[in-house]
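Structural overview
Here's the letter readout for the chains.
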Amino acid sequence: MRLREAWLPLLLLAALGIAPLAGFAASYEMTLMARMMILAMAAVSLSFLVGGAGLASLGHAACLGVGAYAVVILDAHGITDALRVLPAAIGAASAFALLTGAIAIRTSGVHFIMITLAFGQMAFFTAASLSAYGGDDGTTLYSRTELAGTRLLENRLVFHYICLGALALTWAACAMLLASRFGRVLRAARENAQRVEAVGLAPYPFRLVGYVIAGGFGGVAGFLLANATEFVSPAILSWQRSGELLFMVILGGVGRLWGAILGALVFVLLETWLAELTPHWKIIFGPLLVVSVLLLRGGLSSLVAPRHG
Amino acid sequence: MTAQLLLVQVLNGLQLGILLFLVAAGLTLVFGVMDFINLAHGVQYMLGAYLGAWLAAAAGSFWWGLLLALPAALAAGLVLEVLVFRHLYARDHLSQVLATFGVILFLNEGVKLLWGASPLQVPIPPLLAGGIEIMPGLQYPIYRIAVLAAGIATAGGLWFLVDRTRAGMLVRAGATNAAMVSALGVDIGRLFTMVFAFGAMLAGFAGVLAGPIFSVEPGMGDNVLILAFVVIVIGGIGSIRGAFLAALLVGLIDTLGKSLMPDVMRLFLDASPARQTGAALASMLVYIAMAAILAFRPAGLFPVRAG
Amino acid sequence: MAEPLLRLADLRKHYGGLAVTDGVSLDVMPGEIHAVIGPNGAGKTTLIHEITGLVAPDSGQVVFAGRDITRLSRPARVRAGLARTFQITNVVAGFSALENVALAAQARVGSSFRFFRAATSEVALNEAALAVLAEVGLADRATVLAGALSHGEKRALEMAAALATRPRLLLLDEPLAGAGPEETARLIALLTRLKAAYTILLVEHDMQAVFALADRISVLVYGRIIATGTVAEIRGNAEVRAAYLGEDDA
Ligand SMILES: Nc1ncnc2c1ncn2[C@@H]1O[C@H](COP(=O)(O)OP(=O)(O)O)[C@@H](O)[C@H]1O
Ligand SMILES: [Mg+2]
């Protein structure tokens, strides 16, 4: 049972690894898969927060947005090498998480959901006011970030495996963090913060560090998203996007990191498929979302690998 | 900025605040009594606006539109409660956020399908057309004053209902301690449904009133929803009084910020960047206010629940 | 006479018009079991909360090992050597019994800001936790989820978590409440064993247990201490009999 469950995420990742070699190499397929993997990364880092630390953020897309904007802003100033752009994207997203988290984590429950939403909105309006970078309309990234002076990211296959690697790394890192001493404190505090205090630990700094780490991973996802779409607009950090990320986490199943990967894959597939059916696809998607929340309590991952007990 | 302009902005701010209060009142009651986050409350405001616009056009009179839209909004609230929301009361906040997010997607797209994506215009009723002189040489639209008055009257009625009637007492008791109320033998399920439908109607009422002022379009509820959340979080969840004061505060901050910020920025910056940073800062002001208030009072200004 | 390990000096706490702690002064001497008894609502739990920092007193002082801790944060008090159990059982239900105690052990040794190694594979932590579990008689239940333990076992687990912080003073809030006769006997045996090694402030309703375990007893009624003394003194105190023991409450 345990063993089988450990195989499932690896299977998912392997499928994504084989796909381009197994005939899914058309441009739109590669685009779709890149989107899946990048959103999955963001969803995994959000799942780390929600399922691991019990911090249900409704502003996680802001971290993505900060990372993505870091790419286009640096690009506009002639800084185009990933070795400098990526750390900057991670740094900016973590700094954003640190500043907003320091306040948000003082609250809990609904207040936390609302205050993260508010900070997300602040980031959104900031982005919309950046008229040098397109304001509301956003801005195009004319060439992808360079990798040590090469145009490697322009190569679709290379980009595919970079996204895959980043996703695998995010998942492994989040899983490792949750299993560590640090993660043990986070998990205990999610369930019972009073108990954590009763053994002599204050949950706040642990939660804040967790929040910053998740923000950093969100920044990486934003970096990749900007390069994948070669376009960045405020829509990337709208609260609807944060809601979608949360949905991926719940759809996959809270409490299982790899569930978020599954959730993201299903989400993107569903969205794409429905959008092909009708331009009014949200009229189907909305009720589907409601039904999945009502009926799929443990998320998709619990259908695939039911929990014992 | 002249004193006259300032007065107009203050009136506009109060009027936005009153509309926000009508939306936030239902939200905070639903939240306080049922511990239920309803993101779809904003689309109920939108639905009210559409129903009002549509019925007014069909009946040829704003007043008929208003009169018919209220029960229609109430009915829509009831349908949603029965179909979706009541199955979520016992679930965690996250599930509630997501399911009601799904309702938003559905209704935003639904009104697009029914009424098209372009905004509807709602004419101001002839009775309230034109302006009156509120200061020598200063005209202010009568309709906006009527909205202000209607909102304040509703707020007063709501205060009476919640503070002075038995149903209101149950609602307040429910906000403080739901378990106790059901222990008293009150049918909590019915109380919930009533509060819910009533809240939906208030939001719909706000939507109808907003019709002639703002454009009626898909997604118009989303921004109002977020602002209404800011209102109830600042005011203290479950508190009508808190919602009222916070709504006026948010309305004023938002409106005054948008008109004053660019000028304030002019003190530090050139004209063009001043306009931009000013506008950006103005959009953020309410969120900054909320973050600042929560930083010092994590449960809002008038917390209802102890601990 | 030795210095008290814990000294409460004129603690006061009001809820509205209700004086829940009304000028409480009390010493706990090193090595003793000091029991606090009193009817329901006397303010015993509130007193423990004030000592551990869950409730801030309006005035007065909490002095622990010569240090004023009245304004210290809750976790800092635990690190200073004050550990408690709660009247309402308080464990991490989703953790195994072992992990509950290992959490306390890791809080004590080294930093908890360690990110790389799986905590469950830290042998030193597991061994320390297992030793404490054995101390409270839960060694064979180590891998069971805390939420699945019996009520008495959860109480014992909470005590194990408290012991794993290596406290200088244990604050126990009605450790026997809600336990069946068999569990009670087992918990009393455990408390008797702990008595040899720890200083304990014990809030308890079970008079027989208190009379059997305590070195000294303070009687709290309506937020005031009406008497402090040895078991014999308290048994013989007419005021106590009238105010408390006469009641059916125990
Ligand atoms: N947070 C609070 N607000 C108001 N009253 C409280 C609060 N906590 C406790 N009380 C009251 O203080 C009194 C003492 O409670 P408590 O300390 O739990 O007593 P005990 O543990 O001795 O039974 C009770 O009357 C209780 O109702
Ligand atoms: Mg008690």
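Residues numbered from 1 in each chain as written. Chains lettered and ligands numbered in written order. Predicted model: local features only at pLDDT ≥ 70, side-chain atom pairs only at ≥ 80, totals over all residues. Heavy atoms only, no water.

As recorded in an unreviewed UniProt entry, chain C goes by ABC transporter ATP-binding protein and comes from Neoroseomonas lacus.

As recorded in an unreviewed UniProt entry, chain A goes by the name Branched-chain amino acid ABC transporter permease, listed as coming from Neoroseomonas lacus. In its Subcellular location (unreviewed entry) section, the UniProt entry covering chain A states "Cell membrane". (UniProt positions renumbered as here; feature names shortened; annotations may be inferred.)

Considerations on the overall build of chain A
A tally of helices and strands in chain A yields 13 helices and 2 strands. The C-alpha atoms of chain A give 19 Å as radius of gyration, which agrees with the globular expectation for 309 residues (19 Å, within 12%). Overall size of chain A, expressed as C-alpha extent along the three principal axes, is 55 × 40 × 40 Å. The 309 residues of chain A split such that 60% are buried. (Helix = DSSP H or I, 4+ residues; strand = E, 2+ residues; numbered from the N terminus. Rg over C-alpha atoms; globule rule 2.2 N^0.38 Å. Buried < 20%, exposed > 50% of the residue type's maximum accessible area, 1.4 Å probe, protein only.)

Regarding the overall build of chain C
Counting its regular elements, chain C contains 9 helices and 10 strands. Taken against the 2.2 N^0.38 rule, which gives 18 Å for 250 residues, the C-alpha radius of gyration of chain C at 18 Å falls within 12% of a compact globule. Principal-axis analysis of the C-alpha atoms places the extent of chain C at approximately 60 × 40 × 40 Å. Taking all 250 residues of chain C together, the buried fraction comes to 54%. Sequence separation of at least 24 residues holds for 68% of the intrachain contacts in chain C that already meet a minimum separation of 6. Carbon and sulfur atoms provide 53% of the accessible area of chain C, an area that totals close to 10500 Å². The average position of the 25 basic charges and that of the 27 acidic charges among the side chains of chain C differ by 6 Å. (Contact = heavy atoms within 4.5 Å. Areas by Shrake-Rupley, 256 points an atom, 1.4 Å probe, with all protein chains shown as cover. Lys, Arg positive; Asp, Glu negative; His and termini not counted. Charge placed at Lys NZ, Arg CZ, Asp CG, Glu CD.)

Focus on the UniProt feature "transmembrane region" (unreviewed entry) in chain A
Residues and elements named next belong to chain A. The sites that carry the UniProt feature "transmembrane region" (unreviewed entry) are, in the present numbering, residues 35-55, 85-105, 112-133, 158-183, 204-225, 245-269 and 281-300. With 90% helix and 0% strand, residues 35-55 has end C-alpha atoms that lie 25 Å from one another. Secondary structure content for residues 281-300 is 75% helix and 0% strand, while the C-alpha to C-alpha distance between its ends is 22 Å.

As for the site of ligand 1
Residues and elements named next belong to chain C. Neighbouring ligand 1 are Tyr15, Leu18, Val20, Pro39, Asn40, Gly41, Ala42, Gly43, Lys44, Thr45 and Thr46. Within the backbone of Ala42, an N or O atom sits 3.2 Å from an oxygen atom of ligand 1. Only strand E2 (18-28) and helix H1 (44-52) provide two or more residues apiece to the shell around ligand 1. The leading source of residues in the shell around ligand 1 is H1, at 3 residues. Its residues placed into classes, the shell around ligand 1 shows 5 nonpolar, 5 polar and 1 charged. (Near = heavy atom within 4 Å. Polar contact = N/O pair within 3.5 Å; in protein donor to acceptor, adjacent residues only side chain to side chain. Nonpolar A, V, L, I, M, F, W, Y, C, P; charged D, E, K, R; others polar.)

Quick word on the pattern of salt bridges
A full pass over the atoms with the stated rule returns 22 salt bridges over all chains. With a shortest N-O distance of 2.8 Å, A:Glu271 and A:Arg35 are connected by a salt bridge. Here A:Arg35 lies in helix H2 (residues 27-53) and A:Glu271 lies in helix H11 (residues 257-277), a separation of 236 residues in the sequence. For A:Glu271, a relative accessible area of 11% corresponds to the buried category. Note that C:Asp58 is salt-bridged to C:Lys13, the shortest N-O span being 3.6 Å. With C:Asp58 in the loop between H1 and strand E4 (59-64) and C:Lys13 in strand E1 (residues 6-15), this residue pair connects regions lying 45 residues apart in the sequence. A relative accessible area of 14% places C:Lys13 in the buried class. (Salt bridge = Lys/Arg side-chain N within 4 Å of Asp/Glu carboxyl O.)

Observations concerning the interface of chain C and chain A
Facing the 37 residues of chain C at the interface are 24 residues of chain A. Summed over both sides, the interface of chain C with chain A buries roughly 2700 Å², with 58% coming from carbon and sulfur. Summed over the shared surface of chain C and chain A, the result is 5 salt bridges. For A:Glu197, the salt bridge goes to C:Arg74, with nearest N and O atoms at 2.5 Å. Along the contact surface separating chain C from chain A lie 19 residue pairs in polar contact (both at pLDDT 80 or more). Of all the secondary structure elements, the ones that give two or more residues to the side of chain C that touches chain A are helix H2 (74-80), helix H3 (97-108) and helix H5 (151-164) of chain C. Broken down by element, the side of chain C that touches chain A gets its largest block of residues, 7 residues, from H3(C). Of the residues that constitute the side of chain C that touches chain A, the class distribution is 20 nonpolar, 9 polar and 8 charged. (Buried area = accessible area lost by both parts, 1.4 Å probe.)

Focus on the packing of aromatic side chains
Tallied over the entire structure, the rule returns 23 aromatic pairs over all chains. Between the aromatic rings of B:Phe36 and B:Tyr89, the centroid separation amounts to 5.3 Å while the plane-to-plane angle is 85 degrees, which identifies the pairing as edge-to-face. Taken as a pair, B:Phe36 in the loop between helix H1 (3-34) and helix H2 (41-59) and B:Tyr89 in the loop between helix H3 (62-83) and helix H4 (93-115) lie far apart in primary sequence, 53 residues in all. Through successive ring pairs, a cluster of aromatic residues spans B:Phe36, B:Phe85, B:Tyr89, B:Phe192 and B:Phe196. Directly above the ring of A:Phe159 sits A:Arg144, whose terminal nitrogen or CZ lies 4.4 Å from the centroid. The aromatic ring of C:Phe86 is capped on one face by C:Arg84, whose charged end is 4.0 Å from the ring centroid. (Phe/Tyr/Trp six-rings, centres within 6.5 Å; stacked < 30°, edge-to-face > 60°. Lys NZ or Arg CZ within 6 Å of the ring centre and 35° of its normal.)

Let's talk about the sheet that holds strand E3 (residues 33-37) of chain C
All names here are of chain C. One open sheet accounts for 6 strands, arranged E6-E7-E8-E3-E9-E10; its pairing is mixed. The two strands at the open ends of the sheet, each matched to only one other strand, are strand E6 (82-85) and strand E10 (224-230). Sheet twist, expressed as the average angle between the axes of neighbouring strands with direction ignored, equals 15 degrees. (Pairing = 2+ DSSP bridges. Axes fitted to C-alpha atoms, helices over the stretch in contact; angles between N-to-C directions.)

Notes on the interface of chain A and chain B
Contacts between the two partners involve 39 residues from chain A and, on the opposite side, 42 residues from chain B. Secondary-structure elements contributing two or more residues to the side of chain A that touches chain B are helix H5 (109-129), helix H10 (239-252) and helix H12 (282-295) of chain A. Ranked by the residues each element gives to the side of chain A that touches chain B, the list is headed by H5(A), at 13 residues.

A word on the coordination of the magnesium ion (ligand 2)
All names here are of chain C. At this site the magnesium ion (ligand 2) is bound by Thr45 (OG1) and Gln87 (OE1), with donor distances of 2.0 to 2.1 Å. Within this pair, whereas Thr45 is found in helix H1, its partner Gln87 is found in the loop between E6 and H3, the two being separated by 42 residues in sequence. Taking relative accessible area as the criterion, Thr45 reaches 22% and is therefore assigned partly exposed. (Donors = N, O, S within 2.8 Å, 3.2 Å for Na, K, Ca; no water.)

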